[in-house]
Amino acid sequence: NTLDMGLSGMMTLALCGLLLAQRNDATASEERNWMLACWAGMALSVMSKGLIGIVLPGAVLVLYTLVSRDWAIWKRLHFGAGLCLFLAISAPWFVLVSLRNPEFARFFFIHEHFERFTSKVHHREGPWYYFIPILLAGILPWLGMLAQSLWQGWREEHRRFQPQKMLLAWSAFIFLFFSISSSKLPSYILPIFPALALLIALYLQKASAKSWITAAGIMAAIGAGGLALAIRLPYMKVDPLESAQYQAAQPWVIGACIVMVTGALVLIWQARRHRTADLAISGTIMLATASFIASQLLLIGSEPYGRYRSGLALVPAIETVLGPETKLYAVGLYDQTLPFYLRRTMILVAHPDELEFGLEQEPHLWLPTLDAFIEQWRKGPKAVALTRPEIFAELKNQGVPMRIVAQDSRRIVITNDLNTPSGLRTDHP
């Protein structure tokens, strides 16, 4: 449920439209229609998350051309009809929004693209290897096939259109593009996984028994390592309020690891008994099924912890002191979950986060300093505030009148109404 997932879906439409349009046996009408699908995918990608929806595919096409020397592909892109379709889909919204909000164009096209890419303005920075562990974890259970698949794509024989080189260029460029960016989040490289999946699928058709055993061995090792970690889960040094969540997740994590190890061992047994041709089906089913079941078990096991982190258990206590006209503050933080559960927006205090542009347009929706908040808190009507434990301690040291309504290990909810019966709730897992 992120913009990056929508972007990935639309970019995959663009990629697959291009692959189907440019295949060597495509008819003239198939080429035109699938290229229009590609242009539509890029337009929807731009609608999803901005200019990268066309900049990234365009850069990939340039890289592919240089690597494959397929210069003629530029004559088969149907630029005229494609650009008309692209603009018809993407331009109206941007034009209308910019006319209604003159400040939008500069913020969106300059700040959200160039400044975000080249600076650490939103504090989303990370080291150059930031996406490597995300790639390795995200490609499971096919990690043992990844290097071979990439190598096979690089060695694809020369012909009019070379789809594996296109997939390789797509994966490599997007990965490197976000690796050098000054703004990094795990979901940024989601668009490369469909391309990697296609490359791996092509390799699986003729993978050797040794390759299957390697892939299974890696999954078995990860499962065994996870099993050793799962045994230690209840004893990990975490906040006391969170330790019970780890303990509750332990049987699910153990179950997931057992499934991974069992599936891997069965596949190794199959690889030693069956022909390579048979493994393309049976091996794929075994690895996919084992990893799917394991991932679902992990998700089930992490659900209580996710609910705890979201603050959902704090909502009933907050609602007891939150009236229709009660102001709700977020002091020194921006919580993305409680506003949803409470169905209320929050007045931000001393922490604009990524909402800085909107707050510049509507400055009455926030307080820029903690002192301004304290002043309103002391003299104002009944209010409720959400803050971090360290800021709560600072407010307490300054003698700010407040009563705790609810709390967990990450946040404390307070009110300036000291007369109503206590609604204190500590979120015990």
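Before reading on, note that the structure itself is shown above.
Residues numbered from 1 in each chain as written. Predicted model: local features only at pLDDT ≥ 70, side-chain atom pairs only at ≥ 80, totals over all residues. Heavy atoms only, no water.

**Brief notes about the overall build of the protein chain**
When helices and strands are counted, the protein chain shows 17 helices and 7 strands. Along the first, second and third principal axes, the C-alpha atoms of the protein chain reach 80 × 60 × 30 Å. For the protein chain, long-range pairs separated by at least 24 residues make up 66% of all intrachain contacts whose partners lie at least 6 apart in sequence. When the accessible surface of the protein chain is split by element, carbon and sulfur atoms take 65% of a total near 22300 Å². For the protein chain, the separation between the mean place of its 37 positive charges and that of its 30 negative charges on side chains is 8 Å. (Helix = DSSP H or I, 4+ residues; strand = E, 2+ residues; numbered from the N terminus. Contact = heavy atoms within 4.5 Å. Areas by Shrake-Rupley, 256 points an atom, 1.4 Å probe, with all protein chains shown as cover. Lys, Arg positive; Asp, Glu negative; His and termini not counted. Charge placed at Lys NZ, Arg CZ, Asp CG, Glu CD.)

**Structural notes on the packing of aromatic side chains**
Inspection of every chain in the model, using the stated rule, returns 17 aromatic pairs. Judged by centre distance (6.5 Å) and plane angle (75 degrees), the rings of Trp 39 and Phe 86 are edge-to-face. You can see Trp 39 sitting in helix α2 (residues 28–49) and its partner Phe 86 sitting in helix α4 (residues 79–100), a full 47 residues away along the chain. Residue Trp 39 shares its accessibility class with Phe 86, and that shared class is buried. Between Phe 177 and Phe 178 the ring centres are 5.1 Å apart and the planes differ by 85 degrees, which places this aromatic pair in the edge-to-face class. Classification of Phe 178 by relative accessible area gives buried; the value is 8%. Members of the aromatic cluster, joined through ring pairs, are Trp 39, Trp 74, Phe 79 and Phe 86. (Phe/Tyr/Trp six-rings, centres within 6.5 Å; stacked < 30°, edge-to-face > 60°. Buried < 20%, exposed > 50% of the residue type's maximum accessible area, 1.4 Å probe, protein only.)

**Examining the pattern of salt bridges**
If you walk through the whole model with that rule in mind, you get 9 salt bridges. The shortest N-O distance in the salt bridge between Arg 411 and Asp 335 comes to 2.6 Å. On the criterion of sequence distance, the pair formed by Arg 411 in the loop between β5 (403–407) and β6 (412–415) and Asp 335 in the loop between β1 (327–331) and α14 (338–342) is long-range, its members being 76 residues apart. For the pair Arg 411 and Asp 335, a shared accessibility class is recorded, and that class is buried. (Salt bridge = Lys/Arg side-chain N within 4 Å of Asp/Glu carboxyl O.)

**Focus: helix α17 (residues 389–397)**
Residues of α17 that are buried include every one of Ile 391, Phe 392 and Leu 395, and no others. Down the axis of α17, the sector holding all buried residues measures 105 degrees, keeping them to one side. In this structure, α17 carries Lys 396 and Asn 397 as exposed residues pointing more than 90 degrees from its buried face. Looking at the buried side of α17, the elements it contacts are β1, α16 (370–379), β4 (383–387), β5 and β6. With its phi angle positive at about 75 degrees, Gly 399 sits one or two positions after the end of α17. (Arc of directions from axis to C-beta.)

**Let's talk about unusual backbone geometry**
Put simply, Leu 140 and Pro 141 share a cis peptide bond, and its omega is 10 degrees. If you trace the backbone, Pro 141 turns up in the loop between α6 (131–138) and α7 (143–154). Not every positive phi belongs to a glycine, and Arg 343 is a case in point at roughly 55 degrees. With respect to the element layout, Arg 343 can be found in the loop between α14 and β2 (347–349). In this structure, Ala 350 takes a positive phi of about 55 degrees despite not being glycine. If you trace the backbone, Ala 350 turns up in the loop between β2 and α15 (356–361).

**So, the packing of α2 against α4**
Running from amino to carboxyl end, α2 crosses α4 at an angle of 20 degrees, the nearest separation of the two axes being 9 Å. What the angle tells us is that α2 and α4 run roughly parallel. When the axes of α2 and α4 are compared, the crossing they make is right-handed. Every residue of α4 that contacts α2 at Leu 36, Trp 39, Ala 40, Met 42, Ala 43, Leu 44, Val 46 and Met 47 is listed here: Phe 79, Ala 81, Gly 82, Leu 83, Leu 85, Phe 86, Ile 89, Ser 90, Trp 93 and Phe 94. For the contact of α2 with α4, the residue count by class is 16 nonpolar, 2 polar and no charged. (Axes fitted to C-alpha atoms, helices over the stretch in contact; angles between N-to-C directions. Parallel < 35°, antiparallel > 145°, perpendicular 65-115°, else oblique. Left-handed = near helix turned anticlockwise from the far one by under 90°. Nonpolar A, V, L, I, M, F, W, Y, C, P; charged D, E, K, R; others polar.)

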